[in-house]
Amino acid sequence: MSYVFIALTVLFTVYGQVVLKWQVGLNPGATIENLNLRALVTLLLNPWVISAFAAAFGASLFWMAAIGRMPLSKAYPFTALSFPLVAVISVWAFREGMDWHKIAGTSLIIAGVIVLSRSGAP
């Protein structure tokens, strides 16, 4: 069951990051560079942004459930899987580029998770 909680932690984290990127992209006045208080308040009251914050809270709850059942040193590397997921979604949803540096880095992250998941920790 702990792996289900870890998977939910990663999925909720990815959801939150992708939704925030999407909504901030639609509201450039709410960024630090172009700070407009009205745009920021509008963004913070946006149901999508609220759902992203709720997802972050949910991810925290699932994370607490996961590390309550598994050693932190065994569980934590799996959180790195959010990086490859966000990279793939960013290419698809936001038309961001994927060059060989990103592919190599993402591959290293996945390889690291695989190696660490095979550690001797119970």
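Refer to the preceding data block for the structure.
A brief structural summary. (Residues numbered from 1 in each chain as written. Predicted model: local features only at pLDDT ≥ 70, side-chain atom pairs only at ≥ 80, totals over all residues. Heavy atoms only, no water.)

**Some points on helix 3 (residues 47-67)**
Here comes step 1: Here helix 3 spans 30 Å end to end across 21 residues, near enough to the 30 Å set by a 1.5 Å rise per residue.
Here comes step 2: Here helix 3 has its buried residues at Val-49, Ala-52, Ala-55, Gly-58, Ala-59, Trp-63, Ala-65 and Ala-66.
Here comes step 3: Considering only its buried residues, helix 3 is in contact with helix 1 (2-26), helix 2 (37-44) and helix 4 (72-75).
Here comes step 4: For helix 3, the N-terminal capping position is held by Asn-46, with its side-chain oxygen 2.6 Å away from the main-chain nitrogen of Trp-48. (Helix = DSSP H or I, 4+ residues; strand = E, 2+ residues; numbered from the N terminus. Expected span 1.5 Å × (residues − 1). Buried < 20%, exposed > 50% of the residue type's maximum accessible area, 1.4 Å probe, protein only. Contact = heavy atoms within 4.5 Å. Polar contact = N/O pair within 3.5 Å; in protein donor to acceptor, adjacent residues only side chain to side chain.)

**A closer look at the packing of aromatic side chains**
Here comes step 1: Evaluated as defined, the whole model comprises five aromatic pairs.
Here comes step 2: Here Phe-12 and Phe-62 contribute two aromatic rings whose centre-to-centre distance is 5.2 Å and whose plane-to-plane angle is 75 degrees, an arrangement assigned as edge-to-face. Here Phe-12 is found in helix 1, whereas its partner Phe-62 is found in helix 3, with 50 residues between them in sequence.
Here comes step 3: Taking relative accessible area as the criterion, Phe-12 reaches 30% and is therefore assigned partly exposed.
Here comes step 4: A centroid spacing of 4.8 Å and a plane angle of 70 degrees characterise the contact between Trp-22 and Trp-48, whose relative ring orientation is edge-to-face. One end of the pair, Trp-22, is in helix 1; the other, Trp-48, is in helix 3, with 26 residues separating them in the sequence.
Here comes step 5: Overall, Trp-22 belongs to the partly exposed group, its relative accessible area being 32%.
Here comes step 6: Aromatic rings pair up to connect Phe-5, Phe-12 and Phe-62 into one cluster. (Phe/Tyr/Trp six-rings, centres within 6.5 Å; stacked < 30°, edge-to-face > 60°.)

Worth remembering: the numbers are spatial, not functional.
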